[in-house]
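# Structural overview
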Amino acid sequence: MEKVSDADLSREAAITADGGGGGGDKESEMDVDDLVLELLETVETVQSFSDYRRTQRKECHNLIRRMKLAVPLLEEIRDLEIPVPDDVCARLYRLRTAFTAAKKLLRCCHDGSKIYLALESEAVMNRFHFVNEKLTQAVDGMPYDGLCISDEAKEQLELMCSQLKRAKGRTDTQDMELAMDLMVLLSQKEEDRNANSCILERLAKKLDLHTLPDLGAEAMAIKMLIKERCGQNMESTQQIIGLLSKFKQNAGIEDCDGLNEIMLPKYLEKCPSLMIPNDFLCPISLEIMTDPVIIATGQTYERSSIQKWLDAGHRNCPKTRQPLAHLSLAPNYALRNVISQWCVKNKVELMKKDALVNSKPKDHKEEIETLVQDLSSLHLDVQRKAVKRIRMLSKENPENRILIAKSGGVPSLVSLLSYPDSKIQENTVTALLNLSIDEANKQLITKAGAIPPIIGVLKGGTMEARENSAAALFSLSMLDENKVLIGDLNGIPPLIDLLQNGTLTGKKDATIALFNLCLNSMNKTRAINAGIVKPLLQVLDDKQLGMTDEALSIILLLSIHSDGRAEIGELSFIEKLVGYIRDGAPKTKECALSVLLELCTHKPSFLLVSLQFGVYEHLCEVAQSGTQRAQRKANSLLQLMRKTGQIL
């Protein structure tokens, strides 16, 4: 299967310049009929891709729709009985270059790493701009002289041109929630534990990285990405590997499942270019099978991997999703012999895998049922021990969280939130935080009336209880209806108080919760009226906290509101933004530019203020060497300055 690396666009542009594709002499000798046939086959190929990664799905469908508009013209050229003029041939070669780049990009968005596509969304979006530009160069002003082309085919191509021009002028809309979640996960340390699982759960849902097969396919995609990068972009690669590890832990998958070895396997280190037949790889572990077995659906898996799948309670085929008529595993001796012969021939020495010992997770069903009963005990010590144990069990794995909820633990826990005992409060709110990681549990916790007492703990509990209450509100606010409910119940002011007066962990939890709540327009007003701007500015100055990008992201949300702009737009803050544009990290520059652009768009006088602080020189620098998003924001600001007459 053809794969695509994330090589920078300048190199790709050089390769594809002037329709070259690296083989100009061969192109000049290529038969026009073959060229047209190849173009039509390319459109057919990209149409056959079943689906695309959610982060680029819209752009992919738009690109395919535009490519299809060229089909009527290509079909009529194919059926011509007269020679095709040279100038038309030159355009077709350009179209071939554009279609080839489009096919690579679409395939990358079809089966590339989901984490890479989300983390490097700006670079990927720039590849869409590059492809659109190549398509425009190929079809805009297509010479029809001497060709008997129908008006209908011409109209389709003109429609393609107009769509490409609109796409070029369209400003990209960033998924703020996704960007914030990734930012938090990459910036937080392991001990910053409260909201991480909740964020991971939301990201797993957005990126479809929940199940063992999904994570296995993602691991394979990352391996291919590492191989293609050839040691480059190591910081980004480490971030991608780290995020996959977090997703795996969040799904309750242990290291023994084969997903922990993301780098090339030992047996490929000496020969990384060796192509392994797909049939030799286990669909779950994506490693060469040493003990292949056949299950009821006829699919073959590595014995240890499929046994782990079955031990986890699954009763369907990981690959086909069909229900299993039985759980018997039949050795696939024929395939094992073929793999063995291939390994000998290619001098591949497989590592022996240890037998899976104690892989089945311990069943806590009976213990959990007893603990839930103990939550209603008349004895305070019994309740304390029960809620503390439930807190620990709810942290361990998804199965325990489901069992606790099914055993009726949620209403019992909610009833304990109002207890005056501080330890019971701490353990209860933390247990509910852990339980809320499960999507279905969020609904149960809300229906049990947990939000008002959680806000009560946030207002008057111990510092640890307040921190975990903020994280619990963040988790519950992932449901849009809960964003409104938390705002209606006056949950924003105590979060702002925690942001201003809490510990390091408390401030971080409050920041993340407030960002999530401010995605709702009504909550923006509530946050502004509750005085969020001042503590946010304090967060910007707190170097130890390290939440500059997160605070700027909230400020960006508030700057869309007129009252927010009035609160934010102080001269000292404009100077601070200019400083971030000058000296900030790449992501910080992006955030600062976005805020400044929003402020200046609605109040041009801020442009003059920022110019007085020397922003022009920094904008020019970012426009030349910043990230793709930063470049676009910088250019938009420069264009706004020219439009308002601030610069020539």
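Naming follows an unreviewed UniProt entry, where the protein appears as RING-type E3 ubiquitin transferase of Dendrobium chrysotoxum. In UniProt, the protein has this text filed under Catalytic activity (unreviewed entry): "S-ubiquitinyl-[E2 ubiquitin-conjugating enzyme]-L-cysteine + [acceptor protein]-L-lysine = [E2 ubiquitin-conjugating enzyme]-L-cysteine + N(6)-ubiquitinyl-[acceptor protein]-L-lysine."

Each helix and strand counted, the protein has 36 helices and three strands in total. Residues counted as buried form 52% of the 648 residues belonging to the protein. If you take every contact in the protein between residues at least 6 apart in sequence, the share linking residues at least 24 apart comes to 71%. Of the roughly 30300 Å² of accessible surface on the protein, a fraction of 50% belongs to carbon and sulfur atoms.

Even without being glycine, Asp208 reaches a positive phi, approximately 55°. You can see Asp208 is positioned in the loop between helix 11 (196–207) and helix 12 (212–229). Looking at Asp208, the relative accessible area reads 30%, which means it is partly exposed. Residue Asn490 is not a glycine yet carries a positive backbone phi of 65°.

Turning our attention to the side chain of Ser553. Mapped onto the secondary structure, Ser553 falls in helix 30 (residues 548–559). Judged by relative accessible area, which is 6%, Ser553 ranks as buried. When sequence neighbours within four positions are dropped, the list of residues in contact with Ser553 reads Met176, Met180, Met183, Phe515 and Cys591.

Opposite charge on two side chains permits pairing when their charged atoms draw close. If you walk through the whole model with that rule in mind, you get 20 salt bridges. Across the pair Asp208 and Arg54 runs a salt bridge, and its minimum N-O distance is 3.2 Å. Here Asp208, found in the loop between helix 11 and helix 12, pairs with Arg54, found in the loop between helix 3 (32–48) and helix 4 (57–68); they are 154 residues apart in sequence, far enough to count as distant. Residue class for Arg54 comes out partly exposed when judged on its relative accessible area of 42%. Arg384 is the partner of Asp421 in a salt bridge, and the nearest nitrogen-oxygen pair spans 2.4 Å. With Asp421 in the loop between helix 20 (409–416) and helix 21 (422–435) and Arg384 in helix 18 (residues 380–396), the pair connects residues that are 37 residues apart, well separated along the chain. For Arg384, a relative accessible area of 34% gives the class partly exposed.

Moving on: the packing of aromatic side chains. Taken as a whole, this structure holds two aromatic pairs when the rule is applied. One residue, Lys154, lies across the ring of Tyr144, its end atom 5.1 Å from the ring centre.

Turning our attention to the sheet that holds strand 2 (residues 300–302). The strand order across the open sheet built from three strands is 2-1-3, with neighbouring strands paired in antiparallel fashion. Both outer strands of the open sheet, strand 2 and strand 3 (330–331), are each paired with one neighbouring strand and no more. Relative to strand 3, strand 1 (residues 292–294) is paired through two bridges, and the arrangement is antiparallel. Residue pairing in the sheet places Val293 in a bridge with Pro331 of strand 3. Lying on the sheet, helix 15 (residues 303–311) is in contact with strand 1, strand 2 and strand 3; it crosses strand 2 at an angle near 95°.

Attention now moves to a negative patch on the surface. The grouping of Asp151, Glu152, Glu155 and Glu158 at the surface amounts to a negative patch. Along the chain, the position of Glu158 falls in helix 9 (residues 151–169).

For the rest of this paragraph, the subject is the packing of helix 30 against helix 33 (residues 586–602). At a closest axis distance of 9 Å, the pairing of helix 30 and helix 33 adopts a crossing angle of 20°. One element, helix 30, and the other, helix 33, form an angle in the roughly parallel class. In this structure, the crossing between helix 30 and helix 33 has a hand that is left-handed. For the pair helix 30 and helix 33, contact is made by Thr548, Asp549, Leu552, Ser553, Ile555, Leu556 and Ser559 and by Lys587, Thr588, Cys591, Ala592, Ser594, Val595, Glu598 and Leu599, respectively. Classifying every residue of the contact of helix 30 with helix 33 by side-chain character gives seven nonpolar, five polar and three charged.

Rules behind the numbers
- For every chain, the first residue of the written sequence is number 1, and numbering continues from 1 along that sequence.
- The predicted nature of this model means local features are confined to residues of pLDDT at least 70 and side-chain atom pairs, given and counted, to a pLDDT of 80 or more, with totals for whole chains, interfaces and linings taken over all residues.
- To get the side-chain values, take all heavy atoms of the structure and skip hydrogens and water.
- UniProt positions are given in the numbering used here, feature names are shortened, and annotations may be inferred rather than shown by experiment.
- Numbering of helices and strands runs from the N terminus, with a helix taken as a DSSP run of H or I at least four residues long and a strand as a DSSP run of E at least two residues long.
- Per-residue accessibility, obtained with a 1.4 Å probe over protein chains only, is compared with the maximum for each type, and a residue is labelled buried under 20%, exposed over 50%, and partly exposed between these values.
- Contact between two residues is taken to exist if any of their heavy atoms lie within 4.5 Å; hydrogens are not considered.
- A 1.4 Å probe and the Shrake-Rupley method give the accessible areas. Residues count as covered only by the protein chains that appear here.
- For this analysis, a salt bridge means a side-chain nitrogen from Lys or Arg found within 4 Å of a carboxyl oxygen belonging to Asp or Glu.
- Centre distance within 6.5 Å is the pairing criterion for rings of Phe, Tyr and Trp, where only the six-membered ring of Trp is used; planes under 30 degrees apart are then read as stacked, over 60 as edge-to-face, and the remainder as tilted.
- Throughout this description, the term charge over a ring refers to an Arg CZ or Lys NZ atom that lies within 6 Å of the ring centre and within 35 degrees of the ring normal.
- For two strands to be treated as a pair, DSSP must find at least two bridges joining them.
- Between N-to-C directions, angles span 0 to 180 degrees; the directions come from axes that are lines fitted to C-alpha atoms, helices contributing only their stretch in contact.
- Patch rule: a residue counts if its relative accessible area is over 30% and it has no salt bridge; like charges are joined within 9 Å, and nonpolar side chains (Val, Leu, Ile, Met, Phe, Trp, Tyr) within 5 Å.
- By the counting rule applied here, Lys and Arg register as positive and Asp and Glu as negative, while His and the ends of each chain are not counted.
- A charged residue contributes its charge at one atom only: NZ of Lys, CZ of Arg, CG of Asp or CD of Glu.
- Roughly parallel here means an angle under 35 degrees, roughly antiparallel means over 145, roughly perpendicular means 65 to 115, and every remaining angle is called oblique.
- Left-handed is the label given to a crossing in which the near helix is rotated counterclockwise from the far helix by less than a right angle, and right-handed is the label when the rotation is clockwise.
- Amino acids are sorted into nonpolar (Ala, Val, Leu, Ile, Met, Phe, Trp, Tyr, Cys and Pro), charged (Asp, Glu, Lys and Arg) and polar (every other residue, Gly among them).

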